[in-house]
Amino acid sequence: MEDIEYWLEPDLLNAVRFDVEKNAEKLARLSELARRISAIREKVDVKPLRRPEGEHLVYAIDSSYGSPPLELIGGVFTVVAYGYVGRTRQGVDKFLGGALYFEDRDEQDVSRFAALLERRLAARLLRKKAKGVKEFDMLLLDGEIALHPLPFNLAVPGGKYEEVNKVVDSVLAAAESAGVTLVGLAKRVRSRYLSVLHGGCLPVNDRAAASLALKPGEYMILGKLKDVLPRWAEIHYAECEGGRLKDEVLACAKGGHMPSSAKAAKLCNRIREFGENFAAVLSSEAYPHLRLLGETMVAYYMPPGAQTAVRVEILALGPDVEETISFLAATSSPVTGYPQILDEVDRYVRVTPEFVDAVLMMLIRKAPQEMASMLLPNNLQKFKRLF
């Protein structure tokens, strides 16, 4: 067998050696906390996964884009693909759409643009179900059901995120009309909602904590967002950010006097504002179906044979929560741990860098000559393959 050697620049290796040691020590400290974290299973009803009671027709929606996007003189450029894969009585049903993203904005706006395309497609698909054109009872989304800044607060009217209010509301309205259960499966989990079971600031994210607490073949339901988020907000602002100011912040947030400490006062206001903003989301007259976000259930399960847990959001407008979790676990991929149909749609909407290059060259050929400079890379050194 041929040996493959990797050359590590000595100066760079020496530069990162300290950070390697520091992160190793951090992991060691976390291992000491593992027992305390796993104890959250004692504060919730952990149940064994069961077999789903029936057959379910399911669709999954996803999107992707050429990453990293090309940094051109005129802005960030990439191609976004979005689509669905469905398991129906007639077989596999597929749809693939695409759009160009060429905006003079931050790269992070690309993912928001892609997520909006996903939700618009979801709303159209659900409306077809309501009209009897499509037949299914579950719809899987890659990520959380709501888009930032929801469910925490409404996007500002007239701001660049305002479309989020409209799009999420339309998805929820269509799901309610169709009687379809919405499922959000986040692969990159940053939330720490399990802090409410931990009884304090959780040192790791939800997926990591649930992986310590659950055994293969088990699941647990944390609760509805309308109950979980206010409790999480108190812990997050008072303890995670407040530290030793925790008691002072909590006393203020529960109606006490405003603290003399500027930081404590700020965190107290954050908790109060969170309560007001979250209530505004659930009671919005302009977007009445956002109230359903409060009914969305947060749960965690570990498929049989898996080593990591899955965090899931479920708005049970069709099959109930337990049946949905049973179905998700029963159809999990042995490789990723996620439902196989989610893996299928992920592969279906894949965008390669070579495809983005080809589309850019098409655009360059069609663009007016005086505007062609807008389509040149900021750094030609990075894009030798194009020119």
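These figures come from a predicted structure and were not determined experimentally.

Even after reading the chapter, I still don't get empty space enclosed by the protein, so can you show me in this structure?
Unoccupied space between atoms shows up once a probe the size of one water molecule is rolled over them. Summed over the entire model, instances satisfying the criterion amount to one cavity of 30 Å³ or more. Its volume calculated, the largest cavity comes out at about 50 Å³. Looking at the largest cavity, the residues that line it are Glu144, Ile145, Ala146, Pro151, Leu225, Leu293, Thr296 and Glu313. In terms of residue class, the lining of the largest cavity is made up of five nonpolar, one polar and two charged.

I tried to follow the environment of Lys263 on my own but got confused; where do I start?
Position of Lys263 among the secondary structure elements: in helix 8 (residues 262-282). Here Lys263 falls in the partly exposed class, since its relative accessible area comes to 46%. When near neighbours in sequence (up to four residues on either side) are disregarded, Lys263 contacts Glu241 and Leu245.

Would you mind showing me how to read the pattern of salt bridges here?
For side chains of opposite charge, pairing can occur when their charged atoms come near one another. Applying the stated criterion across every chain yields a total of 22 salt bridges. Note that Asp93 and Lys134 form a salt bridge whose closest N and O atoms lie 2.7 Å from each other. In this pair, Asp93 is assigned in strand 5 (residues 91-103) and Lys134 in the loop between helix 2 (108-130) and strand 6 (138-142), connecting sequence segments 41 residues apart. For the pair Asp93 and Lys134, one class covers both residues: buried.

Just to check I follow, could you spell out the layout of surface pockets for this structure?
What the largest pocket holds in volume is close to 1300 Å³. What lines the largest pocket is a set of 35 residues, among which Ser111, Asp142, Gly143, Glu144 and Arg188 lie closest to the centre. Counting residues per element, the ones that place at least two in the lining of the largest pocket are strand 2 (58-65), helix 2 and strand 10 (310-315). Among the residues forming the lining of the largest pocket, the class breakdown is 14 nonpolar, eight polar and 13 charged. Roughly 300 Å³ of volume is contained in the second largest pocket. As for the second largest pocket, its lining consists of 14 residues, and the residues nearest its centre are Arg51, Pro52, Phe327, Ala330 and Thr331. Each residue belonging to the lining of the second largest pocket can be placed in one class, and the counts come to seven nonpolar, four polar and three charged.

So what exactly am I meant to see when it comes to unusual backbone geometry here?
Among all residues save glycine, negative phi is the norm, and among peptide bonds the norm is trans. Residue Ser67 is joined to Pro68 through a cis peptide bond whose omega torsion reads 0°. Take Pro68: it is sitting in the loop between strand 2 and strand 3 (70-72). Looking along the chain, the bond that leaves His148 and enters Pro149 is cis, with omega of 15°. You can see Pro149 is positioned in the loop between strand 6 and helix 3 (162-178).

I tried to follow helix 5 (residues 206-213) on my own but got confused; where do I start?
The periodicity of an α-helix, 3.6 residues per turn, causes residues three or four positions apart to be oriented the same way. In terms of burial, helix 5 is a largely internal element, six of the eight residues being buried. Regarding helix 5, the residues found buried are Asp206, Arg207, Ala209, Ala210, Ser211 and Ala213. Capping of helix 5 at its N-terminal end is provided by Asn205; its side-chain oxygen lies 3.0 Å from the backbone amide nitrogen of Arg207.

Explain the side chain of Asp62 here, please?
Mapped onto the secondary structure, Asp62 falls in strand 2. Not counting residues up to four positions away in its chain, the partners in contact with Asp62 are Ala81, Tyr82, Gly83, Glu118, Asp142, Val345, Asp346 and Val349.

Could you clarify how one ought to interpret the pairing of strand 2 in this entry?
Sheet faces and side chains relate simply in a regular strand, where the side chains alternate between the two faces. With seven of eight residues buried, strand 2 is to be regarded as a mostly interior element. With eight bridges joining them, strand 2 and strand 4 (residues 75-88) adopt antiparallel strand pairing. Bridging across to strand 4, Ile61 finds its partner in Tyr84. Relative to strand 6, strand 2 runs parallel, the two being bridged by four bridges. Across the sheet, residue Ile61 finds its bridge partner in strand 6, namely Leu141.

What is the right way to read a positive patch on the surface from this model?
Together, Arg124, Arg127, Lys128 and Lys131 make up a region of like positive charge exposed at the surface. Secondary-structure assignment places Arg124 in helix 2. Exposure remark for Arg124: the relative accessible area of 37% places this residue in the partly exposed category.

Mind showing me how you'd approach the state of the cysteines here?
Should the sulfur atoms of two cysteines be covalently bonded, the bond is a disulfide. Scanning the entire structure with this criterion turns up two disulfides. The disulfide bridge from Cys201 ends at Cys240, spanning 2.2 Å between sulfur atoms. Between Cys201 and Cys240, the S-S dihedral sits near 120°, and the bridge is therefore right-handed. Of this pair, Cys201 sits in the loop between helix 4 (195-198) and helix 5 while Cys240 is found in helix 6 (residues 225-240), placing the two residues 39 residues apart along the sequence. Take Cys201: its relative accessible area is 27%, and that puts it in the partly exposed class.

What exactly am I supposed to notice about the packing of helix 7 (residues 246-253) against helix 8 here?
Each pair of packed helices gets described by two things: the angle between the helix axes and the distance between those axes. Where helix 7 meets helix 8, the closest approach of the two axes is 9 Å, and the angle between their N-to-C directions is 45°. Judged by the angle between their axes, helix 7 and helix 8 are oblique. Here helix 7 runs over helix 8; the crossing is right-handed. In this structure, helix 7 contributes Glu248, Val249, Cys252 and Ala253 to the contact, and helix 8 contributes Ala264, Leu267, Cys268, Ile271 and Arg272. Looking at the contact of helix 7 with helix 8 residue by residue, the classes come out as seven nonpolar, no polar and two charged.

What should I look at first to understand the environment of His148 in this one?
Relative to the helices and strands, His148 resides in the loop between strand 6 and helix 3. With 16 residues separating them in the primary sequence, His148 and Val164 have C-alpha atoms 7.6 Å apart.

Thresholds, definitions, all that
- Residues numbered from 1 in each chain as written.
- Predicted model: local features only at pLDDT ≥ 70, side-chain atom pairs only at ≥ 80, totals over all residues.
- Heavy atoms only, no water.
- 1 Å grid on protein atoms, 1.4 Å probe; cavity = no way out; pocket = protein on both sides within 12 Å on 5 of 7 lines; lining within 4 Å.
- Points joined across faces, edges and corners; volume = space filled by probe spheres on them.
- Nonpolar A, V, L, I, M, F, W, Y, C, P; charged D, E, K, R; others polar.
- Helix = DSSP H or I, 4+ residues; strand = E, 2+ residues; numbered from the N terminus.
- Buried < 20%, exposed > 50% of the residue type's maximum accessible area, 1.4 Å probe, protein only.
- Contact = heavy atoms within 4.5 Å.
- Salt bridge = Lys/Arg side-chain N within 4 Å of Asp/Glu carboxyl O.
- Polar contact = N/O pair within 3.5 Å; in protein donor to acceptor, adjacent residues only side chain to side chain.
- Pairing = 2+ DSSP bridges.
- Patch = residues over 30% accessible without salt bridge, like charges linked within 9 Å, V, L, I, M, F, W, Y side chains within 5 Å.
- Areas by Shrake-Rupley, 256 points an atom, 1.4 Å probe, with all protein chains shown as cover.
- Lys, Arg positive; Asp, Glu negative; His and termini not counted.
- Charge placed at Lys NZ, Arg CZ, Asp CG, Glu CD.
- Disulfide = S-S within 2.5 Å.
- Axes fitted to C-alpha atoms, helices over the stretch in contact; angles between N-to-C directions.
- Parallel < 35°, antiparallel > 145°, perpendicular 65-115°, else oblique.
- Left-handed = near helix turned anticlockwise from the far one by under 90°.

Fair warning: the whole summary comes from geometry, so function is off the table for now.
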